[in-house]
Amino acid sequence: MDNSMYKKLGISDSVLGFCECVLGELSERFKKIDETAEYNQLKVISAMQKNRVNAACFAATTGYGYDDVGRDNLEKVYADVFGTQAALVRPQITCGTHALAVALSANLRPGDTLLSPVGKPYDTLEEVIGIRPSRCSLREFGVAYKQVDLLPDGGFDLDGIRAALDDTVKMVTIQRSKGYQTRPTLSVERIGELISFIKSIKPDVICMVDNCYGEFVQTTEPSNVGADMIVGSLIKNPGGGLAPIGGYICGTKECVENCAYRLSAPGLGQEVGANLGIMPAFYQGLFMAPTVVSGALKGAVFAGLCYEKLGFKCVPNGTEDRFDIIQAVELGSKERMVAFCRGIQAAAPVDSYVTPEPWPMPGYDSDVIMAAGAFVQGSSIELSADGPIKEPYAVYFQGGLTWYHAKLGIMMSLQKLFEQKLITL
Ligand SMILES: *Cc1c(COP(=O)(O)O)cnc(C)c1O
């Protein structure tokens with residue numbers, strides 16, 4: 001292939017040669033990723049056809065947003081894609097953390113306990129729950145929290161979970177993705193096993209899955225294996241890079257209705273919430289999402305294999321199956337984290353000339369470095385890398401609206417590390 005554009009963009013022969021070798025090993029993996037994308041593309045088209053998506057769905061509404069056909073129909077499409085009774089998909093849900101906060105606070109009451117059977121949840125949820133004292137946390141409203149950690153081998157602590165499931169436990173939160181941790185991401189199959197176990201002990205407990213970064217990575221979703229609610233962000237996988245804001249909650253009618261009353265107001269629920277003209281991006285983004293996720297997955301697999309070959313611990317490693325789009329690379333030093341992120345930034349179509357620096361980001365308990373040159377600010381289905389500046393100095397690499405962009409980003413990260421003699425090729 002003609003590498004002249006890579007050279008023009010600053011990729012050296014050493015990096016090009018190394019990457020060509022790595023890519024040679026990936027054709028089988030890429031084929032599987034394409035097959036999953038194909039299945040999920042058909043799943044989305046089928047849901048859109050069933051719900052007779054048409055031009056009227058793309059019209060803007062303003063004010064209260066009563067009788068918003070586009071919004072109501074999009075929620076039916078989401079419910080069908082994820083196999084649930086109901087869905088809440090709104091630009092008024094500002095981000096993933098907000099969607100999760102709504103799902104939790106709508107379905108828990110004072111005196112209830114929330115249990116995480118898979119260890120510590122995502123950093124920003126610590127303040128939602130009140131693990132770190134925080135104003136307006138669930139804890140301030142009398143909701144208790146319990147946690148059972150994963151076993152050292154990554155397995156579920158079934159005895160610990162059984163013991164924790166007392167009368168007060170109303171809801172269980174299961175995080176699919178590793179988040180800012182280096183534990184393995186849970187497959188849909190393992191989530192299904194965990195939910196079955198929990199419901200065999202306490203059938204009425206509500207099982208919520210934080211589905212962030214997991215959507216369309218497999219051909220099934222946690223809602224197909226017993227989850228009562230799945231929750232995520234539209235500026236991650238299901239927005240397909242086109243949604244400029246938003247979150248979703250899909251689940252049982254009961255749970256989703258509670259969420260709607262919490263999001264708007266008791267008595268109003270799902271009836272209000274104008275779409276402000278955002279529907280084309282939500283529909284088209286969902287349509288694109290399976291393909292966009294496949295590009296991001298190829299980037300993650302490629303990054304994992306590259307950095308593993310250079311001797312860094314990667315989670316997942318270069319060969320194991322993937323259940324989210326995140327690749328964690330333990331770089332072992334702040335300097336390498338900064339160089340990696342500067343490479344990702346330099347490969348971006350937007351803001352390629354800016355230099356990422358670590359900063360104390362709200363919601364996180366240490367400095368965080370972030371690289372993102374995104375069309376939608378903060379979107380992490382677009383090529384991005386970030387990580388807290390603390391042991392084990394891991395960067396979390398994700399996204400890429402196209403595989404080719406993800407590939408360039410990884411090559412540029414290698415180039416920056418190589419130039420500063422932080423790796424040898
Ligand atoms: C991103 C993420 C969140 C929070 O989403 P924001 O949109 O950043 O608020 C929660 N949980 C997990 C696992 C995530 O990856």
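About the cut-offs
- Residues numbered from 1 in each chain as written.
- Predicted model: local features only at pLDDT ≥ 70, side-chain atom pairs only at ≥ 80, totals over all residues.
- Heavy atoms only, no water.
- Axes fitted to C-alpha atoms, helices over the stretch in contact; angles between N-to-C directions.
- Helix = DSSP H or I, 4+ residues; strand = E, 2+ residues; numbered from the N terminus.
- Parallel < 35°, antiparallel > 145°, perpendicular 65-115°, else oblique.
- Left-handed = near helix turned anticlockwise from the far one by under 90°.
- Contact = heavy atoms within 4.5 Å.
- Nonpolar A, V, L, I, M, F, W, Y, C, P; charged D, E, K, R; others polar.

Participant: Is there a simple way to explain the packing of helix α2 (residues 13-24) against helix α12 (residues 403-419) in this structure?
Facilitator: For any two helices packed against each other, the geometry comes down to the angle between their axes and how far apart the axes lie. As a packed pair, α2 and α12 sit with axes 10 Å apart at the nearest point and diverge in direction by 130°. Compared by their axis directions, α2 and α12 come out oblique. For the pair α2 and α12, the crossing hand works out as right-handed. Contact with α2, carried on its side by Ser14, Val15, Leu16, Phe18, Cys19 and Leu23, involves Trp403, Lys407, Met411, Leu414, Gln415 and Phe418 of α12 and no other residues of that element. Classifying every residue of the contact of α2 with α12 gives 9 nonpolar, 2 polar and 1 charged.

Participant: Honestly, unusual backbone geometry in this entry has me stumped. Any pointers?
Facilitator: Both trends apply: most residues other than glycine have a negative phi, and most peptide bonds are in trans. Residue Pro316 is reached from Val315 by a cis peptide bond, and omega for that bond is -5°. The step from Glu391 to Pro392 runs through a cis peptide bond, and the omega angle for that step is 0°. Examined against the element boundaries, Pro392 turns out to sit in the loop between β11 (384-388) and β12 (394-398). Positive phi, normally seen in glycine, also occurs at Asp67, with a value near 50°. Looking at the secondary structure, you find Asp67 in the loop between α3 (27-50) and α4 (69-82). Despite not being glycine, Tyr393 has its phi angle at roughly 55°, a positive value.

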